[in-house]
Amino acid sequence: MLQEILGELKRRGCRITEQRQTIIEAVLAVAGSRFTAYDVWERVKAIQPELGLDTIYRNIKLLEELGFLASIGGVGKEGNRYEVAGRDHHHHLVCLRCGKTECIDYCPIDDVLVNLVQERGYDLVRHQLELMGICRTCRQ
């Protein structure tokens, strides 16, 4: 996937710096689960301690805009979490207290909504749905 990301960045005219490549490698290293920008920064600072968290955020945002990452709303001070996008289409159920996130393999987007979007002159590129609630453990 690294080469795919680097190729897309080059195609779009983005510079491939040593810092950017280190960040992308760190993202891919933690991408087996949901992760925060801070998780990526923890990995990167061991290699390039001068890199700031703001640089991590900018690069994660770029990867999200390119469609390689999907954002999952965060709870509290944790902030947004991310996952690799495009593997399988799903949505999320998020606990507002503890931040537990579960995947939902159901998509409510139907042809009626897609047609409505197209009638308004849009090409639907992607969508995401997050349902927020309180998990069973937190309710007890």
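Notes on the structure follow.

What counts and how
- Each chain has its residues counted from 1, following the order in which its sequence is written.
- Reporting of local features is limited, given that this is a predicted model, to residues whose pLDDT is at least 70; pairs of side-chain atoms are given and counted only at 80 or more, and all residues count toward the totals for whole chains, interfaces and linings.
- Values reported for side chains reflect all heavy atoms of the structure, with hydrogen atoms and water molecules removed beforehand.
- The way it works is that DSSP assigns letters per residue, a run of H or I at least four long becomes a helix, a run of E at least two long becomes a strand, and they are numbered from the N terminus.
- Any two residues having at least one pair of non-hydrogen atoms within 4.5 Å are treated as being in contact.
- All accessibility values rest on the Shrake-Rupley procedure with a 1.4 Å probe; residue burial counts only the protein chains present in the view.
- For this analysis, a salt bridge means a side-chain nitrogen from Lys or Arg found within 4 Å of a carboxyl oxygen belonging to Asp or Glu.
- Buried residues are those whose accessible area, probed at 1.4 Å on protein chains only, stays under 20% of the maximum for their type, while exposed residues exceed 50% and partly exposed ones sit between those limits.
- Residues belong to a common nonpolar core when they are buried Ala, Val, Leu, Ile, Met, Phe, Trp, Tyr or Cys residues joined through side-chain atoms within 4.5 Å.

## Observations concerning the overall build of the protein chain
From N to C terminus, the protein chain includes six helices and six strands. When the helices and strands of the protein chain are read in sequence order from the N terminus, they spell out α-α-β-α-α-β-β-β-β-α-β-α. Taking all contacts inside the protein chain whose residues are at least 6 apart in sequence as the whole, residues at least 24 apart take part in 44%. Summed over its atoms, the accessible surface of the protein chain is roughly 9,100 Å², and 49% of this surface lies on carbon and sulfur atoms.

## A look at the pattern of salt bridges
A full pass over the atoms with the stated rule returns five salt bridges. Across the salt bridge formed by Glu8 and Arg11, the nearest N and O atoms sit 2.8 Å from each other. With a gap of three residues between them, Glu8 and Arg11 both fall in helix H1 (residues 2-11), about one helical turn apart. According to the relative accessible area criterion, Glu8 is buried, its value standing at 16%. Its salt-bridge partner being Glu8, residue Arg12 comes within 2.5 Å of it at the nearest N-O pair. One salt-bridge network, in which partners are shared between bridges, spans Glu8, Arg11 and Arg12.

## A closer look at the nonpolar core
Among the nonpolar cores identified, the biggest contains 25 residues, and Val27, Phe35, Val40, Ile56 and Ile60 are the most heavily contacted of them. The set of elements that each furnish at least two residues to this core consists of H1, helix H2 (18-30), helix H3 (37-44), helix H4 (53-65) and strand S3 (81-84). Looking at this core element by element, the count peaks at five residues for H2. Discounting chain neighbours no more than four positions away, the residues touching Val40 are Ile23, Ala26, Val27, Val30, Phe35, Ile56 and Ile60.

Any functional reading would require information beyond the geometric quantities listed.
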